[in-house]
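Now for the letters of each chain:
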Amino acid sequence: YRVALSDSAGFDGKRAQIAGDDWKINALTDRAMKLLRQDEPALAWSVFRKVGGLRPSSESRLMDVRLLELRLLAARGKVSQLAERRKDIPSGPYLRSASDYYEGLELASRGDTVQAARQLRAVATQNPYYDEAVATTAEYLLAHHTAEQQVYSILAEALQVNSASPAILKAYIPVALARGY
């Protein structure tokens, strides 16, 4: 299907024509991920919620849906729901960045600012392609009195390797302007 992200009615019309649950899940999760990449977590969540009631045919597909749900919960700042749902997800090397990011968010929500900053900074510097983590880390560090130069460095390095990220660019612009760039 080729429906513009701005055309939700057109997408819903196409989705109604899809017969199998797996195909509907693919369409919904693909669209939700595209919206998340455009730094539109609220819209991504509204699309993702439509997955409810659909039955994936495999465990791997179910795991993909659950992982996307975690990303969306983190992007929307729903840390208590994230912590609850994260318990059922196994961790491994493939999920290391996500797991560390979620742990950093949980530490922040519990008020452990030192450990949260350390954890989030590590994720943002180790994986500049994890848009939400880089942008959230910058926001968190600025809010907790980290030197602007440190935050600028994280964002500038991430932007050099991931220049197509709207989330990183949105976080970078005000920090760069504040530094006089």
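Values in this document were obtained by computation on a predicted structure and should not be read as measured data.

Novice: Mind laying out the environment of Ser91, listing which residues take part and the relevant values?
Specialist: Considering the arrangement of structural elements, one finds Ser91 in the loop between helix H5 (79-86) and helix H6 (96-109). Judged by relative accessible area, Ser91 falls into the exposed class, the value being 61%. A C-alpha to C-alpha distance of 39 Å links Ser91 and Leu177, two positions 86 residues apart in sequence.

Novice: Pulling in residues and values, what's your account of the confidence of the model for the chain?
Specialist: Chain-level pLDDT for the chain is 92 on average; 99% of the residues reach the 70-or-more range. The least confident element of the chain, judged by mean pLDDT, is helix H1 (residues 8-17) at 92; the most confident is helix H3 (residues 41-48) at 96.

Novice: How would you summarise the nonpolar core if you had to cite specific residues and measurements?
Specialist: Counting residues in each nonpolar core, the largest one holds 56 residues, and the members touching the most others are Phe48, Tyr101, Tyr102 and Leu155. Dropping the residues within four chain positions of it, Tyr101 is found in contact with Ala74, Leu120, Val123, Tyr130, Glu132, Ala133 and Thr136.

Novice: Describe in detail H6, supporting the description with residues and values.
Specialist: End to end, H6 covers 20 Å across 14 residues, agreeing with the expected 20 Å (1.5 Å per residue, within 8%). Of all the residues in H6, the buried ones are Ala98, Ser99, Asp100, Tyr101, Tyr102, Gly104, Leu105, Glu106 and Leu107. Looking at the buried residues of H6, the elements they touch are helix H4 (59-75), H5, helix H7 (113-126) and helix H8 (131-143). Once H6 finishes, Gly111 follows within two positions and takes phi at roughly 95°, a positive value.

Rules and cut-offs
- Residues numbered from 1 in each chain as written.
- Predicted model: local features only at pLDDT ≥ 70, side-chain atom pairs only at ≥ 80, totals over all residues.
- Heavy atoms only, no water.
- Helix = DSSP H or I, 4+ residues; strand = E, 2+ residues; numbered from the N terminus.
- Buried < 20%, exposed > 50% of the residue type's maximum accessible area, 1.4 Å probe, protein only.
- pLDDT = per-residue confidence, 0-100.
- Core = buried A, V, L, I, M, F, W, Y, C linked by side-chain atoms within 4.5 Å.
- Contact = heavy atoms within 4.5 Å.
- Expected span 1.5 Å × (residues − 1).

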